[in-house]
Amino acid sequence: MAKTRGTGLLMVWVDIDPAHETEFGNWYDEEHTPHLLRVPGFLSAGRYVALKGAPKHLALYELESAEVLRSAAFLDEVRFRPTARRTATAGGAIGRNYLNNGYRQIFPMHTHPIEMTQGPAPFLQMGRIDIPSVVEDEFNDWYNTAYIPPYLAVPGCLGARRYVAIESQPKYLTLYEFANPTVSEHPDWEKARDANPWSKRIRPYMRHDVGSPGVYRRVFPA
């Protein structure tokens, strides 16, 4: 099977004028995403809409590594050569609250080969998080060893990954993959949230971005 996941992500969020959402979706699915997937190192893509949180629209691109975003192919053909339609759609007349973040995976450190051939999950929950530097090392230890593992046992939670931003803020991204949109409403999810007393020390330091955490439903591929 073809590889669909590496150790990098490109995540693009935007709110779109409702009158132009159909046009936006058609352009993204038929023109923009195929264009990016021709860039070496872009492995797969999914487009999502928010059920909770914001911005409403999300495009997720799985990358061989975060270094793809510094490659000549990406910079010359995508980053510095936006089409007029892309400019108007994503950051101009019909788009607002535009976020374009590149990420490097920090958890898990090693991905199982089978997972590297999986397609985009049907639902996502994600948090865009900042943390004071004074507790940053402890925050990462806590998140990886104490906070995430109980969530992975909740019915419908398919997996979790963590990333650090390479050129944007907030610094950290947590990405949970769900089988259905109500996984985080399950009683076991609430139990997992407070399963470790270490959480009481670290959680007050966490700062979520506006609209985070959010739950998103995949709309492309259908």
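A brief structural summary. (Residues numbered from 1 in each chain as written. Predicted model: local features only at pLDDT ≥ 70, side-chain atom pairs only at ≥ 80, totals over all residues. Heavy atoms only, no water.)

### Things to note about the nonpolar core
As a rule of thumb, nonpolar side chains are buried together in soluble globular proteins.
Moving on, step 1. Membership of the largest hydrophobic core comes to 25 residues, with the highest contact counts inside it found for Phe139, Trp142, Tyr143, Tyr176 and Trp189.
Moving on, step 2. Where this core is concerned, the elements lending two or more residues are strand S4 (95-107), strand S5 (123-130), helix H4 (136-152), strand S6 (157-165), strand S7 (172-178) and helix H5 (187-193).
Moving on, step 3. The residues touching Tyr176, leaving out its near neighbours within four places in the chain, are Phe123, Leu124, Gln125, Tyr143, Tyr147, Ile148, Tyr151, Cys157, Gly159, Ala160 and Trp189.
Moving on, step 4. Core analysis: the next-biggest nonpolar cluster, separate from the first, contains 20 residues, Leu10, Ile16, Trp27 and Phe74 among them. (Core = buried A, V, L, I, M, F, W, Y, C linked by side-chain atoms within 4.5 Å. Buried < 20%, exposed > 50% of the residue type's maximum accessible area, 1.4 Å probe, protein only. Helix = DSSP H or I, 4+ residues; strand = E, 2+ residues; numbered from the N terminus. Contact = heavy atoms within 4.5 Å.)

### Concerning the pattern of salt bridges
Moving on, step 1. Overall, the coordinates contain 14 salt bridges when judged by the stated rule.
Moving on, step 2. For Lys3, the salt bridge is made with Glu64, and the minimal N-O distance between the two is 2.6 Å. Within this pair, whereas Lys3 is found in the segment before strand S1 (8-16), its partner Glu64 is found in the loop between strand S3 (57-63) and helix H2 (72-79), the two being separated by 61 residues in sequence.
Moving on, step 3. Assessed through its relative accessible area of 33%, Lys3 is described here as partly exposed.
Moving on, step 4. The residue Glu62 makes a salt bridge to Arg5 at a minimum N-O spacing of 3.9 Å. Remark: Arg5 occurs in the segment before S1 and Glu62 occurs in strand S3; sequence separation between them is 57 residues. Judged on exposure class, the residue Glu62 and its partner Arg5 are both buried.
Moving on, step 5. Among the charged side chains, a salt-bridge network with shared partners connects Arg5, Glu62, Arg161 and Glu177. (Salt bridge = Lys/Arg side-chain N within 4 Å of Asp/Glu carboxyl O.)

### Quick notes on unusual backbone geometry
Moving on, step 1. Cis rather than trans, the peptide bond between Ala54 and Pro55 has omega equal to -10°.
Moving on, step 2. Here Pro55 shows up in the loop between strand S2 (42-52) and S3.
Moving on, step 3. Omega for the bond connecting Ser212 with Pro213 falls within 30 degrees of zero, at 0°, which places this linkage in the cis form.
Moving on, step 4. For Pro213, the position within the fold is in the loop between strand S8 (207-208) and strand S9 (214-220).
Moving on, step 5. Of note in the backbone geometry, Asn97 takes a positive phi value of approximately 55° without being a glycine.
Moving on, step 6. Its location among the elements puts Asn97 in strand S4.

### With respect to the packing of aromatic side chains
Moving on, step 1. Scanning all chains against the criterion turns up 17 aromatic pairs.
Moving on, step 2. Measuring from ring centre to ring centre gives 5.4 Å for Phe139 and Tyr143, while their planes differ by 80°; the resulting arrangement is edge-to-face. Of this pair, Phe139 and Tyr143 are both found in helix H4, four residues apart, which corresponds to roughly one turn of the helix.
Moving on, step 3. The class of Phe139 is buried, set by a relative accessible area of 0%.
Moving on, step 4. Ring centres 5.1 Å apart and planes at 90° place the aromatic pair Tyr147 and Tyr151 in the edge-to-face group. You can see Tyr147 and its partner Tyr151 sitting in helix H4, four residues apart, about one turn around the helix. Taken individually, Tyr147 and Tyr151 each receive the classification buried, so the pair is uniform in this respect.
Moving on, step 5. Aromatic rings pair up to connect Phe139, Trp142, Tyr143, Tyr147, Tyr151, Tyr172, Tyr176, Phe178 and Trp189 into one cluster.
Moving on, step 6. Over the ring of Tyr143 we find Arg162; its NZ or CZ atom is 4.4 Å from the centre of that ring. (Phe/Tyr/Trp six-rings, centres within 6.5 Å; stacked < 30°, edge-to-face > 60°. Lys NZ or Arg CZ within 6 Å of the ring centre and 35° of its normal.)

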